[in-house]
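Survey of secondary and tertiary structure
Okay, here's what each chain looks like letter by letter:
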Amino acid sequence: MEKLKKIPHKNLFYFGIIVVLIFLSLSYWQFTRYQEDKLTMESLESKDNVNQISVSDLNDIDNYFEEFTKVEIKDNLENISLLRSWYLRSRVHNGKNGYHLISLYKTNLNQFFLVNNGWVPLDKNADSLFEYNTLNFKGRLLDYDVQGVGQDDVAGSDYLFRIDKAFIESEMNVMLPSKYIVLIDSCGSGVECVNLEDPFDAPHLSYAFQWAFFAICLSIVVLRRNNLITWKK
């Protein structure tokens, strides 16, 4: 405590300590993101078998399948029709901006399910994209997005900010299954299938080491400037 009272650069010391704590927090955040992404990648790799299901099975999906499970709808495609499509904003594919095409489908038994068909560029029109005979509804099950901070979806709009189950149910007056499908094969004419592994392959571990290194370097500078550590000659 006596040393702290006599330090020559108090403002630098206290400001430096705050910045060091911020750097350490960023390092911890990046490390936890790395661990989460690692678990997600392991989950994707472990669920590689395709499960044949019907649309009616989707309504009881929580009792059988977890997120990222591969499924393929086995119903007759002639009994499935497109009810409505939206563009999910701000999606990037191979460095190009675009949208994800989100589609609501209906069966002849009035069962509904939601599909992320894949990525489309900014200048595409959904009405001209589909060749229905190319769709086979083979994909992975995903949980819906959680409502957080950000702009709300607008009723009647062709654009979405997130895949919000409650919003789409209210907008279309339908009941949706607890998960939606992201297509991984035969996603439609003019549509690029989504690679689910891309968002979970970020260099979070490198960033964690980087922020920890910055924290160590700044700590040494602050302590040295205030004569709290010295190098032995």
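For the structure, check the block above.
One structure accompanies this document, and this report is about it.

The rules we used
Residues numbered from 1 in each chain as written. Predicted model: local features only at pLDDT ≥ 70, side-chain atom pairs only at ≥ 80, totals over all residues. Heavy atoms only, no water. Helix = DSSP H or I, 4+ residues; strand = E, 2+ residues; numbered from the N terminus. Buried < 20%, exposed > 50% of the residue type's maximum accessible area, 1.4 Å probe, protein only. Contact = heavy atoms within 4.5 Å. Expected span 1.5 Å × (residues − 1). Arc of directions from axis to C-beta. Salt bridge = Lys/Arg side-chain N within 4 Å of Asp/Glu carboxyl O. Polar contact = N/O pair within 3.5 Å; in protein donor to acceptor, adjacent residues only side chain to side chain. Pairing = 2+ DSSP bridges. Core = buried A, V, L, I, M, F, W, Y, C linked by side-chain atoms within 4.5 Å. Phe/Tyr/Trp six-rings, centres within 6.5 Å; stacked < 30°, edge-to-face > 60°.

Regarding the environment of Ser 43
Relative to the helices and strands, Ser 43 is located in helix H2 (residues 10-46). The class of Ser 43 is buried, set by a relative accessible area of 17%. Counting along the chain gives 26 residues from Ser 43 to Thr 69, while the straight-line C-alpha distance between them is 8.7 Å. Ignoring sequence-local partners within four residues, the contact set of Ser 43 consists of Glu 67 and Phe 68.

A short note on helix H5 (residues 204-225)
For H5, which comprises 22 residues, the first-to-last C-alpha distance of 32 Å matches the rise-based estimate of 32 Å (1.5 Å per residue) to within 8%. Every buried residue belonging to H5 is among His 204, Ala 208, Ala 215 and Val 222, and all of these are buried. End-on view of H5: buried residues confined to an arc of 65°, all on one side of the axis. The exposed residues of H5 that point more than 90 degrees off its buried face are Phe 209, Phe 213 and Ile 216. Looking at the residues trailing H5, positive phi occurs at Asn 227, about 55°.

A word on the pattern of salt bridges
For the structure shown, the criterion picks out four salt bridges. Asp 158 serves as the salt-bridge partner of Arg 84, at 3.2 Å between the closest nitrogen and oxygen. You can see Arg 84 sitting in strand E3 (residues 80-93) and its partner Asp 158 sitting in the loop between strand E6 (138-143) and strand E7 (159-160), a full 74 residues away along the chain. Residue Arg 84 is classed as buried on the basis of its relative accessible area, which comes to 17%. Residue class for Asp 158 comes out partly exposed when judged on its relative accessible area of 42%. Between Glu 169 and Lys 165 there is a salt bridge whose closest N-O contact spans 2.8 Å. Within this pair, Glu 169 and its partner Lys 165 are both found in helix H4 (residues 165-172), separated by four residues, close to a single helical turn. What you see here is one network of salt bridges that share partners, running through Arg 84, Asp 158 and Glu 171.

Considerations on the side chain of Ser 85
Considering the arrangement of structural elements, one finds Ser 85 in strand E3. Within the structure, Ser 85 has its side chain in polar contact with the side chain of Ser 103 (distance 3.3 Å).

Overview of the pairing of E6
Of the pairings in the sheet, the one linking strand E2 (residues 70-73) to E6 comprises three bridges and is antiparallel in character. Counterpart to Glu 72 in the pairing with E6 is Lys 138. Where E6 lies against strand E8 (residues 179-185), six bridges are found, and the strand directions are antiparallel. Considered in E8, the bridge of Leu 142 is made with Tyr 180.

Examining the nonpolar core
Membership of the largest hydrophobic core comes to 20 residues, with the highest contact counts inside it found for Leu 58, Ile 73, Ile 80, Phe 113, Val 115, Phe 137 and Ile 181. Of all elements in the fold, only helix H3 (55-58), E2, E3, strand E4 (96-107), strand E5 (112-121) and E8 reach the threshold of two or more residues within this core. If near-sequence neighbours (up to four positions away) are discounted, Phe 137 is found in contact with Val 71, Glu 72, Ile 73, Leu 77, Ile 80, Tyr 105, Phe 113, Val 115 and Leu 183.

Considering the environment of Asn 110
In this structure, Asn 110 sits in the loop between E4 and E5. Sequence separation of Asn 110 and Met 175 is 65 residues, and the distance between their C-alpha atoms is 9.9 Å.

Points about the packing of aromatic side chains
Summed over the entire model, instances satisfying the criterion amount to 12 aromatic pairs. Ring plane angle 50° and centroid distance 5.5 Å describe the contact between Tyr 99 and Tyr 159, whose orientation is recorded as tilted. Linking Tyr 99 in strand E4 with Tyr 159 in strand E7, this pair joins segments that are 60 residues apart in sequence. With a centroid separation of 5.4 Å and an interplanar angle of 75°, the aromatic rings of Phe 113 and Phe 137 are classed as edge-to-face. Of the two residues, Phe 113 is situated in strand E5 and Phe 137 in the loop between E5 and E6; the sequence distance between them amounts to 24 residues. Considered together, Phe 113 and Phe 137 belong to a single accessibility category, that of buried residues. Following the ring pairs from residue to residue traces out a cluster consisting of Phe 23, Trp 211, Phe 213 and Phe 214.

A few points about H4
Residues Phe 167, Ile 168 and Glu 169 constitute the buried set of H4. Measuring from the side-chain oxygen of the N-cap residue of H4 to the backbone nitrogen of Ala 166 gives 3.1 Å; that N-cap residue is Asp 164. Two residues or fewer past H4, Asn 173 is found with a positive phi of approximately 55°.

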